[in-house]
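Report on the structure
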Amino acid sequence: VTTIVQSSNANLPPDAASILILNLIASADSTFVDDLRDVRVFYTYFENIDGIAVKLIEEVTAPPTMLPTTYEEFFSRQAAENRSRGRRILAATGLGIAALWCFLTL
């Protein structure tokens, strides 16, 4: 699991703030792991973490995949998409029948 921490509002220069954050996470890694496990939404992603490796990078590219979600959220999104797709099909069918009725009654 890769977790990205970014400092956006720091009174220090970005390099100094980054080094301080890096040292803070490295020195309190067990507390950081416990804090990640306490976030119940992402518990399944962080439950098997046994340590943290810290790396300082300058810039992050766009993620290649979707944001992490829980199974429940994924299935609820799929169900909502299926319902909306079904409604569109029903609406298109209704419009087709209405157009056919108009042509046949003229």
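Residues numbered from 1 in each chain as written. Predicted model: local features only at pLDDT ≥ 70, side-chain atom pairs only at ≥ 80, totals over all residues. Heavy atoms only, no water.

Describing a nonpolar patch on the surface
Residues Ile 4, Ile 57 and Val 60 make up a contiguous nonpolar surface patch of roughly 270 Å² in combined accessible area. By the element assignment, Ile 57 lies in the loop between helix H3 (43-46) and helix H4 (71-105). What makes Ile 57 partly exposed here is its relative accessible area of 46%. (Patch = residues over 30% accessible without salt bridge, like charges linked within 9 Å, V, L, I, M, F, W, Y side chains within 5 Å. Areas by Shrake-Rupley, 256 points an atom, 1.4 Å probe, with all protein chains shown as cover. Salt bridge = Lys/Arg side-chain N within 4 Å of Asp/Glu carboxyl O. Helix = DSSP H or I, 4+ residues; strand = E, 2+ residues; numbered from the N terminus. Buried < 20%, exposed > 50% of the residue type's maximum accessible area, 1.4 Å probe, protein only.)

Thoughts on the environment of Ala 28
Positionally, Ala 28 belongs in the loop between helix H1 (14-27) and helix H2 (29-38). Residues Ala 28 and Ile 52, 24 residues apart in the sequence, show an inter-C-alpha distance of 9.7 Å.

Treat this as a map of the structure, not an account of what it does.
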